[in-house]
Every structure is written in C-alpha cells, then in structure tokens.
Amino acid sequence: MAIQLPVCTLPPLKAPLYLMAIKAGFPSPADDYVEKTLDLHEHLIRHPAATFFVRVSGDSMAPLITHGDILVVDRALTPYSGSIIIAAVNGEFTVKRLVEQNGITLLVPENQSYEPIALTPEIDCTVWGVVVHIIRTVA
Amino acid sequence: MWYALVDCNNFYASCEKVCNPALAKRPVVVLSNNDGNVIARCPLAKALGIEMGAPFHQCKDIINRHHVAVFSSNYALYADMSRRVMDTLATCAPYVEVYSIDEAFLLCDVPPAEAQDYALSVRKKVMQWTGIPVSVGMGATKTLAKLANHIAKKRTDSGVFVLAGDSYCQSLLETIDIAEVWGIGRRYARMLQSYGIRNVWQLINADDSFIKKKMTVVGLRTVYELRGIPCIGWEDAPPPKKAIVSSRSFGRPVESLHELDQAAAHYSAIAAGKLRRQHCAAGAVTVFVSTNPFKNEPQYSCSATVVLDMHSAYTPDIIAAARTALCSIYREGYRYKKVGIMLTDIIACQELSPTLFTHMYNYEKRYRLMQALDSVNCRHGRGAVYFASEGVIRPWSMRRKYLSPRYTTQWDEIPVVT
C-alpha cells in the first residue's frame, strides 16, 4: 500500500498558548493583560457531578418558570423550606416550591390556578434535586 | 491507610432509574448489544427470578406477566453516569483509582473507629449526588476491600462493610468461599478445594511454600493481601491500552462486500476516535470477520492485519487500511454475523519521532481536521459528522429497539418536568 505518514500525533493544547497571532516585530502591550473568556458553565454549575438539566412542560410555576425553560438542578444541595425543587411524585417529575408549614410539607405551585400538594403518607414523593438556575430563551 | 472498594449496584439498571421516576417501583432489565441477553437487573427483577445472562426471548413470558421495563444498552448514558460517580468519589478521598465503569478503589486515611461512618457517608453522598446506589467495602488491602464489598452486598442491609478489627475473624471468614476472593479464578479455586482449602480462613492460614508452589508468587501475593499486607500497588496512571477493539454483531446477516466495508469503516472511525482520546497512534490495523457459529450454514472466519508505514490516528488512514485488509479476506457466499477492527502497536503520541517524510504529510492540516471532527461529534453527539464510507442508512447496524433517551448528554433528550 501507499506510504503512510504520521498525522494527528500532537497532544491537543490544554489552554491557548497565545491569545493573539504571533507577529514578528514588537509584541502587543495588551498581551500582558490576557484573560480567558468567561465560561457560563463555571458560573452556573457548582457541582458538575451532581448537576442535571431538565426541561419544563406546562405553566404550574408561571410566571417564575414557564413552558420550555431549562432548569439547572443541583442534587448536591439540601433543600430547605422555600427551595424550588424537582420532586418525583407518583412516578413523574414535577417542579414546585417546597414549603414546610405547621409540621406539614407542601409542594406549592407559583401559579394561583393550581392547588398545592400536601405530602401525606399516601403520596409517593421523593426530592430529586434543587433548582439553582432558570434558563429561558427570549430571542 | 485504608482501601475502600466502591461498587455500583446493578449499575446499568440503576442508571435507567435515575432520570425516569416511573421506573422506581418497576422491575428493570437491561439487554446486551443486539438486545440478546439480560446483562443487568434491578433488585425487583432479580426477585422475579430473571437470571443474569438469560436470553431475552426466553424471558419474554416473565417480562410481560410482571410488566418488567426492558432497555437496550444505552452506553452514552452509562458512561456519563459513571463519570458522575467517579467525580463524586474524587471529593471523598485523596486518591481514586477507577477500576471499571462501575467500580473504583479509594485510598483514605480515617481512624479505625470512624471507618464504618466514613463508608456510610461515601454511600450516602454518591446516592444523593448521582442517584446511583453503591456498596462500599473497606480493608487494609485492595483484596480485603474487594472481599469486604462482597460481604457488604450479600450480607448487610446498610450496603457497607469494614473488614478489620473484630470483624476480621475466623467465624466470619470461614463462611466465605475462596472463589469470592479477588484473583482466585475458578481453576485455582478447584485446585485449592482438592487440597481441602475451601474457605477464606483456611486460605489465610495456608502454608506459604505450598501456595507459592501451586499458584506462583501471584497467588502468594493474594494470600498476603488477605492477611492485611498490601502487595498490590496503586496504579496512578494506567498505561495506554495495548489494543483497541471496535466490533459489534450485525442486526441481521450481511452478505455483500459493500455492506461489510461500510461496517468496517464505521468501526474504524470509532476505534480511531478512541485512539485520539487517549492521545495515541496505532501502527497496525487488524480486521476480522465471522459467520454465525450457532446457525447451521456454511461457516467462515478470518482476519488480516495491515501494518501502517507510520503510526497514525488519522481516521482516513485507518479506514483505508481496514479496507485493504477486508478485501483480502472477503469470500463470497457466506452470511456474515460480525466484523471487527483491532488497532495494535499503540504508542503514546509523545513517543513518536518525526521522520524524513513528516513534513510532506500536511501534518498540521490533518491534525486540525481530526480535532474539528472530534469536537463537533463531542458537542452534537457521536455520529453527527462521519465519513461517507461508513454508510448512511446502515441496515446492518445492531438492534437497539428499547433504547432510553440520552438524558444527560443530549439537549433534546433531557428529562421533562411538569
């Protein structure tokens, strides 16, 4: 067969070596102020191993959370009364606000036209994760 | 210092449950490639008597009767969940050695009185962060940690076990069969049994020279480890793989060279991608083909190897070599069940020395092309961009009829909440 020559054999760069093209002559004085670009992932995700994304269907949490929003869910956090959580209720995921009131735990929708769900022993419910960000596309 | 072995329980079945709450109380089984056999069962499925490795078609009755949820292997999901488990473990211990997709050794420094609580805290954290249940076994050596994990799985409700201090005792160890010991294969177990060594306690107290004579120094190392003397070291950086294999059985028999060639190109592309992820290059490409030995029809299997003139990780090089090899072994008139690619003579890229011809090869351009290919496929899912020679429709591709969504690696497949 034809002569095969090596390719693709350099390890990839871990980080940009230079953020500007290298030109002969004087270096740009701005090179001293090089910073990396902002990484949204770094801003939105504290625990990568424990963070999941889910998509919202329906309007039970409107206007805070609306149909089509993507939620960033962190399972490493422990919810407290007032947290917005993802719960698995009777085999389905739902997003609601967790409220403890007079010894009763409630899953409370933001939308007034929905009823809060009181977590009685008959209801099969587990907290799946805590919502930490809402991502909505507006344009 | 302690070794802890953390093992995910029924890993594939557990992964399917994490992002699908409707499965919480349903028995779940996961099938092997081509939906052939049961390769993972959740505890509810085990309780129904579905055996590990059982052919799918033989269990259809139980599955229908008990409304068992069935899944094809979703490796995109399992690999991502494995990464999450391993990353979580990395927050629990200063050293983590990933042993397989669902097992890792931890090296940790906790006082003996706190070992049990530590193991429980690891289990709890992995469960909370990833939703995957794990068993944790702890001991003074890797072999003891493995054995402790076995005890944790089979004999505790807590899912953790520390094999040290009071628990490291004759009354427990003589109830454990030597076949459960890491490193004692079935053949050694039979041999030892013929000398009256049946349980772990007997093995610990066996004579050194007898063990060395019958099982070499490797067997003696296992016995020392059982006595609490660490002999199996910490593998910080596993060496690059010696060979990369990419192969699947076809969903239906394949007869034409054209289809075999597509499949060979497809597996070549997968193998070359793996090679680049390890920052390695291969020196030889082997292709193997075989018919289905379980069918009563003409049988043929063969392999051929093409040695590359220079090491390469450039997909078109691998595909071209595979094609040369395949054409040399293809015989008409057979119904092929399988084609596979094996890359060997693998070396790390930094070991490559430039030669006289390197500069003629558009090296930089080809490198950038592969980088672009890999990054597009990384962002948009494997197979977003591929070589035309891999085929478009791929009628030969394996059956995966019951595939779940890739909940954690594809934007349009993430879980829905109401």
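A. Examining the overall build of chain B more closely. Within chain B, the regular secondary structure consists of 13 helices and 14 strands. The principal-axis extents of the C-alpha atoms in chain B amount to approximately 65 × 55 × 45 Å. Looking at chain B residue by residue over its 418 residues, the buried ones come to 40%.

B. Main features of the overall build of chain A. What chain A contains, in helices and strands, is 1 helix and 7 strands. When its helices and strands are written in sequence order, chain A yields α-β-β-β-β-β-β-β. Here chain A holds 139 residues, and the buried ones make up 23% of them. In chain A, of all internal contacts separated by at least 6 residues, the share reaching a separation of at least 24 is 53%.

C. Spotlight on the sheet that holds strand β1 (residues 51-56) of chain A. Strand order in the open sheet formed by 8 strands is β6(A)-β5(A)-β4(A)-β3(A)-β7(A)-β2(A)-β1(A)-β14(B), with mixed pairing between adjacent strands. With one partner strand each, in any of the chains shown, β6 (117-118) of chain A together with β14 (416-417) of chain B form the two edges of the open sheet. As paired strands, strand β3 (residues 84-89) of chain A and strand β7 (residues 125-135) of chain A are joined by 5 bridges and run antiparallel to one another. When the bridges of β7 of chain A are listed, Ile 85 of chain A appears paired with Val 130 of chain A.

D. Quick look at the environment of Gly 49 of chain B. Position of Gly 49 of chain B relative to the elements: it lies in the loop between α2 (43-47) and α3 (56-65). Considered as a pair, Gly 49 of chain B and Ile 62 of chain B are 13 residues apart in the sequence and their alpha carbons are 8.7 Å apart.

E. Structural view of the domain arrangement of chain B. Split by domain assignment, chain B resolves into domain 1 (2-6 + 78-226), domain 2 (10-75) and domain 3 (244-390). Relative to domain 3 of chain B, the C-alpha centre of domain 1 of chain B lies at a distance of 38 Å.

F. Region of interest: helix α5 (residues 115-130) of chain B. Residue and element names in this part refer to chain B. A rise of 1.5 Å per residue sets the reference length of α5, with its 16 residues, at 22 Å; its end C-alpha atoms lie 22 Å apart and thus fit the reference within 8%. Here α5 has its buried residues at Ala 115, Tyr 118, Ala 119, Val 122, Arg 123, Val 126, Trp 129 and Thr 130. Along the axis of α5, the buried positions cluster into a sector of 150 degrees, meaning they face one direction only. Each element contacted by the buried residues of α5 is listed here: β1 (2-8), α4 (75-90), β6 (103-108), β7 (134-139) and β8 (160-162). Note on α5: the residue one or two positions beyond its end, Gly 131, has a positive phi of about 80 degrees.

G. Spotlight on unusual backbone geometry. With omega at 5 degrees, the peptide bond leading from Ala 62 of chain A into Pro 63 of chain A counts as cis. Note that Pro 63 of chain A resides in the loop between β1 and β2 (70-74).

H. Here's a closer look at the confidence of the model for chain B. Residues and elements named next belong to chain B. The predicted model of chain B has a mean per-residue pLDDT of 89, with 95% of residues at 70 or higher. Per-element mean pLDDT across chain B ranges from 82 in strand β13 (residues 347-348) up to 98 in β7. The ipTM value of the predicted complex is 0.77, and its pTM value is 0.75.

I. Examining the sheet that holds β6 of chain B more closely. Residues and elements named next belong to chain B. On the basis of which strands lie adjacent, the open sheet formed by 5 strands has the order β5-β6-β1-β7-β8 and mixed pairing. Looking at strand neighbours, the two that pair on one side only are β5 (95-100) and β8, the edges of this open sheet. Pairwise comparison of adjacent strand axes, ignoring direction, gives a mean angle of 15 degrees for this sheet. Inspection of the sheet shows β1 paired to β6 by 6 bridges, in the antiparallel sense. Bridging across to β6, Ala 4 finds its partner in Leu 106. Taken strand by strand, α4 contacts β1, β5 and β6, and its axis lies near 155 degrees from that of β5.

J. Local environment of the pairing of β7 of chain A. Two elements, β2 of chain A and β7 of chain A, share 5 bridges in a ladder whose sense is antiparallel. The partner of Asp 74 of chain A across the bridge, within β7 of chain A, is Val 130 of chain A.

K. Up close: the nonpolar core. All names here are of chain B. Residues Ala 4, Val 29, Met 138 and Ala 148 are the most contacted members of the largest nonpolar core, which totals 74 residues. Ignoring any residue separated from it by four or fewer positions in sequence, one finds Ala 4 in contact with Leu 106, Cys 108, Ala 119, Val 122, Val 136, Gly 137, Met 138 and Ala 145. Of all hydrophobic cores here, the second largest spans 41 residues; its members include Leu 308, Tyr 314, Leu 326 and Trp 396.

L. Region of interest: the confidence of the model for chain A. On average, chain A scores 82 in pLDDT, and the residues at 70 or more come to 75%. Confidence drops under a pLDDT of 50 for residues 1-23 of chain A, and excluding neighbours within four residues, the segment shows 49 contacts in the predicted structure.

M. Here's a closer look at the environment of His 133 of chain A. Residues and elements named next belong to chain A. By the secondary structure assignment, His 133 is in strand β7. Once the C-alpha coordinates of His 133 and Leu 119 are considered, the two residues, 14 residues apart in sequence, prove to be 25 Å apart. In this view, His 133 contacts Leu 44 and Val 72; residues no more than four positions away in its chain are not counted.

N. Broad picture of the packing of helix α1 (residues 11-18) of chain B against α4 of chain B. All names here are of chain B. With their axes 10 Å apart at the nearest point, α1 and α4 run at an angle of 90 degrees to one another. Here α1 lies roughly perpendicular to α4, going by the angle between them. Contacts between α1 and α4 involve Phe 11, Tyr 12, Cys 15 and Val 18 from the former and Leu 77, Tyr 78 and Met 81 from the latter. A class-by-class count of the residues in the contact of α1 with α4 yields 7 nonpolar, no polar and no charged.

O. How the structure looks around helix α6 (residues 142-155) of chain B. All names here are of chain B. For α6, built from 14 residues, the straight-helix expectation of 20 Å at 1.5 Å per residue is met to within 8% by its first-to-last C-alpha distance of 20 Å. Where burial is concerned, most of α6 is hidden: 11 out of the 14 residues are buried. For α6, the full list of buried residues reads Lys 142, Thr 143, Leu 144, Ala 145, Lys 146, Leu 147, Ala 148, Asn 149, His 150, Ile 151 and Ala 152. Against β1, β6, β7, β8 and α10 (208-226) lie the buried residues of α6.

P. Just the environment of Met 310 of chain B, in detail. Residues and elements named next belong to chain B. Of note, Met 310 is situated in strand β11 (residues 301-312). With 18 C-beta atoms counted inside 10 Å, the residue Met 310 sits in the partly exposed group. In sequence terms Met 310 and Ala 179 are 131 residues apart; their C-alpha atoms lie 46 Å from each other.

Q. Structural context of the packing of α4 of chain B against α5 of chain B. All names here are of chain B. For the pair α4 and α5, interaxial distance at closest approach is 10 Å and the crossing angle is 135 degrees. The orientation of α4 with respect to α5, classified from their angle, is oblique. Relative to α5, the crossing made by α4 is right-handed. Every residue of α5 that contacts α4 at Met 81, Arg 84, Val 85, Thr 88 and Leu 89 is listed here: Lys 125, Val 126, Trp 129 and Thr 130. Tallied by class, residues from the contact of α4 with α5 come to 5 nonpolar, 2 polar and 2 charged.

Basis of the calculations
Residues numbered from 1 in each chain as written. Chains lettered and ligands numbered in written order. Predicted model: local features only at pLDDT ≥ 70, side-chain atom pairs only at ≥ 80, totals over all residues. Helix = DSSP H or I, 4+ residues; strand = E, 2+ residues; numbered from the N terminus. Buried ≥ 20, exposed ≤ 12 C-beta atoms within 10 Å, placed from the backbone. Contact = placed C-beta atoms within 7 Å. Pairing = 2+ DSSP bridges. Domains from an automatic or database assignment. Expected span 1.5 Å × (residues − 1). Arc of directions from axis to C-beta. pLDDT = per-residue confidence, 0-100. Axes fitted to C-alpha atoms, helices over the stretch in contact; angles between N-to-C directions. Core = buried A, V, L, I, M, F, W, Y, C linked by C-beta atoms within 7 Å. Parallel < 35°, antiparallel > 145°, perpendicular 65-115°, else oblique. Nonpolar A, V, L, I, M, F, W, Y, C, P; charged D, E, K, R; others polar. Left-handed = near helix turned anticlockwise from the far one by under 90°.

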